[in-house]
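Listed below, chain by chain, are the residues.
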Amino acid sequence: MRVIRDPGKLNRLLKGVRRSARSIGFVPTMGALHPGHLSLIKQAGRDNDTVVVSIFVNPTQFGSQEDLNKYPRPLKNDLALCRKARVDLVFLPDSKIMYPEGFATFVNVEKLGDILCGTSRPGHFRGVATVVAKLLNIVAPDVLYLGQKDAQQSVIIARMIKDLNFPVKIRVLPTVRQKDGLALSSRNVYLNEDQKLDALVLSKALCLAKSLIDHGQTDASRIINRIKELIGKKKQARIDYVAIVDLEKLRQIKKINQDCMICLAVKIGKTRLIDNCLITYD
Ligand code: AMP
């Protein structure tokens, strides 16, 4: 496994890979790797000849009041996990090389970036789209691997790839959870023991919604109210949003009679957690 910090060097190295017609799978991350990330890395390994993982805590996607400085950065452990997962190349740039003096170009996916998480995190998805666009240009992978956990992010990146003609396929893989249902997230380390228990309410609320739908409930607002009621019982939980949206434009739907997604963002203490589940008819 090689660790490369320089975008130009990585790009040149990967040109050799492409010339020999070997496929490249790419997993962008902010590090603090957990089994959710590893599921993407392993799938990339199954599908491709070469696996590239980036580890970069991207400053442009953090608001000024957010956790950029305290975001976990267990680099040694991350590299060990990558090695064990048979990653070929780790791209480990720093902020100065990604955003040098004079940097002025941003990618903004309109509308999709302003709703749901975009409402309480203005500018977040502009930062995400910008860094992913840069990474796609540097790595030029055949396939990009993303997690359903960050559903809005995946929809926005899919939109950007289509709109800007990036020659890359996208695979979105299911959310990996703890046995108790909590979706794995690098931010779970911020939770204390009590908060970890309260955080279970996110996945429990999604299960409740699913079972209401299985039992014939089709009224989105009733489902949302039941979710809010359940989450409201937890002392440390403060709802940011609960929404049921279509899968492409992320517009709220009133009736559950099409493929859709139930999305939640909830603050547990100071930690903002997100989760979602897909409702599909096939
Ligand atoms: P992050 O390091 O949080 O930026 O995440 C990097 C990638 O891993 C994104 O595509 C996430 O959606 C994905 N990811 C994060 N948590 C999970 C999880 N629990 N299950 C599956 N994928 C995940």
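Anything mentioned here points back to the structure above.
Cut-offs applied
- Residues numbered from 1 in each chain as written.
- Predicted model: local features only at pLDDT ≥ 70, side-chain atom pairs only at ≥ 80, totals over all residues.
- Heavy atoms only, no water.
- Pairing = 2+ DSSP bridges.
- Helix = DSSP H or I, 4+ residues; strand = E, 2+ residues; numbered from the N terminus.
- Axes fitted to C-alpha atoms, helices over the stretch in contact; angles between N-to-C directions.
- Contact = heavy atoms within 4.5 Å.
- Near = heavy atom within 4 Å.
- Polar contact = N/O pair within 3.5 Å; in protein donor to acceptor, adjacent residues only side chain to side chain.
- Areas by Shrake-Rupley, 256 points an atom, 1.4 Å probe, with all protein chains shown as cover.
- Buried < 20%, exposed > 50% of the residue type's maximum accessible area, 1.4 Å probe, protein only.
- Lys, Arg positive; Asp, Glu negative; His and termini not counted.
- Salt bridge = Lys/Arg side-chain N within 4 Å of Asp/Glu carboxyl O.
- Right-handed = clockwise from strand over helix to strand, strands pointing away.

A. Looking closely at the sheet that holds strand E2 (residues 24-29). The six strands lie next to each other as E1-E4-E3-E2-E5-E6, forming an open sheet whose pairing is parallel. With one partner strand each, in any of the chains shown, strand E1 (2-4) and strand E6 (169-173) form the two edges of the open sheet. Strand-to-strand twist across the sheet, computed as the mean angle between neighbouring axes with direction ignored, equals 25°. Each of E2, strand E3 (50-55), strand E5 (143-147) and E6 touches helix H2 (residues 35-47); the most contacted strand, E5, lies at about 155° to it.

B. View of the sheet that holds strand E9 (residues 271-279). On the basis of which strands lie adjacent, the open sheet formed by three strands has the order E7-E8-E9 and antiparallel pairing. Taken across any chain shown, the strands that pair with only one partner, and hence form the sheet edges, are strand E7 (237-246) and E9. This sheet shows a mean twist of 15° between the axes of neighbouring strands, independent of strand direction. Relative to strand E8 (residues 260-268), E7 is paired through nine bridges, and the arrangement is antiparallel.

C. View of the site of the ligand. Around the ligand sit 16 residues, and of these Met30, His37, Asp150, Val176 and Leu184 come closest. Here an oxygen atom of the ligand and a side-chain polar atom of Asp150 are 2.7 Å apart. One of the backbone nitrogen or oxygen atoms of Leu184 is found 2.9 Å away from a nitrogen atom of the ligand. Against a free-state accessible area of 480 Å², the protein chains account for coverage of 93% of the ligand.

D. Highlighting the side chain of Asp78. The residue Asp78 is located in helix H3 (residues 75-84) in this model. This buried residue, Asp78, is left without a salt bridge; Arg73 holds the nearest opposite charge, at 9.2 Å. A distance of 2.8 Å separates a polar side-chain atom of Asp78 from the backbone nitrogen of Ala32. Apart from the residues lying within four places of it in its own chain, the contact partners of Asp78 are Gly31, Ala32, Leu33 and Ile55.

E. Broad picture of the pairing of E6. Sheet topology note: the E5/E6 ladder contains five bridges and is parallel. Within the sheet, the bridge partner assigned to Gly147 lies in E6 and is Leu173. Between E5 and its parallel partner E6, the chain crosses via helix H7 (residues 151-163), and the hand of that crossover is right-handed.

F. How the structure looks around unusual backbone geometry. Here Ala32, not a glycine, exhibits a phi torsion of approximately 50°, which is positive. Of note, Ala32 is situated in the loop between E2 and H2. Taking relative accessible area as the criterion, Ala32 reaches 11% and is therefore assigned buried. The backbone of Leu116 shows a phi angle near 45°, a positive value even though the residue is not glycine. Position of Leu116 relative to the elements: it lies in the loop between helix H4 (95-98) and helix H5 (117-120). A relative accessible area of 10% places Leu116 in the buried class.

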